[in-house]
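The lines below spell out each chain.
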Amino acid sequence: PLVVFLFLLMGMAVWDKDLRPAFVVGGSIPASALISFILFRMCGLSLNVMSLFGLALGMGMLVDNAIVVYENILHCREQTGPVADPAAQAMAATEQMVLPMIGATVTNAVTFLPFIFLSKNLQLMYWDVAAAVGASHFASVLVSLTVVPILSLKLLESKEINVRQPNALKHFFP
C-alpha cells in the first residue's frame, strides 16, 4: 500500500497542482487493507503467498472505486457550485455511484466462479486467491462508499490546504 500511495503522490505532483486526490485515494488504501485482513480472519484465511496475491489483485479495484467516487463528488461540486450543505452534496454524489460500483465489482468477482468446476486439488490451491479477491473487493466497495466521501468532504472543505510548493519538482523535471 505504501508503494501505491507514493506512486499516486508522485504522479499527482508531476501532472497536477493539487495533491488532495492522492491523499483521498491513498487514505482509503490502508482502510481497505485493514478491512480485508479482518475479513480474512473471520473467514479463516491464512496469510500466505496466494492470499496476498489475491489481496494485491483486489487493491487495483479499490483504487478504481475510490477514484470513481472522488471524481463524481468533484463533478457534482463543479456542476452545482457551493451549496449550503456540502455533506448532502457529497452523499448524493456517492449515491449516484453505488450501482455502477457494485456492478463493476460483481463483474470482477464473477470471474472466479469457474474455480468451482476445477478439480479438488486445484480448488485447494487457488481458494485463497479467490477468497482474498472477494474480500478485498467487498472492502473496496465498503471503503469507497464510506471513507472516500468523508475524506473528500474534509479535504475539499478546507481551502487553505496547499500541499505542493509551486516549483517543488522543477529541479527533477526541467
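What you are looking at is a predicted structure, and each value in this text was computed from that prediction instead of being measured. (Residues numbered from 1 in each chain as written. Predicted model: local features only at pLDDT ≥ 70, side-chain atom pairs only at ≥ 80, totals over all residues. Heavy atoms only, no water.)

Novice: I keep staring at the nonpolar core and nothing clicks. Help me out?
Specialist: Considering soluble globular proteins, one finds that nonpolar side chains tend to be buried as a cluster. In this structure, Phe40, Met59, Val69, Ile73 and Val148 are the most contacted members of the largest nonpolar core, which totals 29 residues. Breaking this core down by element, the ones donating at least two residues are α2 (20-43), α3 (49-80), α4 (86-96) and α6 (120-157). With sequence-adjacent residues up to four places away left out, isoleucine 73 is seen in contact with Ala90, Ala93, Thr94, Pro149, Ser152 and Leu156. (Core = buried A, V, L, I, M, F, W, Y, C linked by side-chain atoms within 4.5 Å. Buried < 20%, exposed > 50% of the residue type's maximum accessible area, 1.4 Å probe, protein only. Helix = DSSP H or I, 4+ residues; strand = E, 2+ residues; numbered from the N terminus. Contact = heavy atoms within 4.5 Å.)

Novice: So what exactly am I meant to see when it comes to the packing of α2 against α3 here?
Specialist: Packed helices, taken two at a time, are described by the angle their axes make and the gap between the axes. It is at 9 Å that the axes of α2 and α3 come closest, and there the two elements cross at 140 degrees. With respect to each other, α2 and α3 are oriented oblique. At the point where α2 passes α3, the crossing takes the right-handed sense. Residue-level inspection shows Arg20, Pro21, Val24, Val25, Ser28, Ile29, Ser32, Ala33, Ser36, Phe37 and Phe40 of α2 in contact with α3, the latter providing Ser51, Leu52, Leu55, Met59, Leu62, Val63, Ala66, Ile67 and Tyr70. Grouping the amino acids of the contact of α2 with α3 by side-chain chemistry returns 15 nonpolar, four polar and one charged. (Axes fitted to C-alpha atoms, helices over the stretch in contact; angles between N-to-C directions. Parallel < 35°, antiparallel > 145°, perpendicular 65-115°, else oblique. Left-handed = near helix turned anticlockwise from the far one by under 90°. Nonpolar A, V, L, I, M, F, W, Y, C, P; charged D, E, K, R; others polar.)

Novice: Mind showing me how you'd approach a nonpolar patch on the surface here?
Specialist: Taken together, the side chains of Ile102, Val106, Val110, Leu113, Ile116 and Phe117 define a hydrophobic patch exposed on the protein surface, amounting to about 590 Å² of accessible area. Overall, leucine 113 belongs to the partly exposed group, its relative accessible area being 46%. (Patch = residues over 30% accessible without salt bridge, like charges linked within 9 Å, V, L, I, M, F, W, Y side chains within 5 Å. Areas by Shrake-Rupley, 256 points an atom, 1.4 Å probe, with all protein chains shown as cover. Salt bridge = Lys/Arg side-chain N within 4 Å of Asp/Glu carboxyl O.)

Novice: Whenever I open this one, the side chain of asparagine 72 confuses me. Can you help?
Specialist: Mapped onto the elements, asparagine 72 comes out in helix α3. By relative accessible area, which is 10% here, asparagine 72 ends up buried. Among all residues touching asparagine 72, those that are not within four sequence positions of it are Ala93, Gln96 and Met97.

Novice: What's the story with the packing of aromatic side chains in this structure? I'm lost.
Specialist: Aromatic ring pairs: the centre-centre distance and the angle between the two ring planes describe each pair. For the structure shown, the criterion picks out three aromatic pairs. Ring plane angle 80 degrees and centroid distance 5.8 Å describe the contact between phenylalanine 37 and phenylalanine 40, whose orientation is recorded as edge-to-face. Note that phenylalanine 37 and phenylalanine 40 are positioned in helix α2 at a spacing of three residues, about one turn of the helix. The rings of Phe112, Phe115 and Tyr126 are connected pair by pair, giving a single aromatic cluster. (Phe/Tyr/Trp six-rings, centres within 6.5 Å; stacked < 30°, edge-to-face > 60°.)

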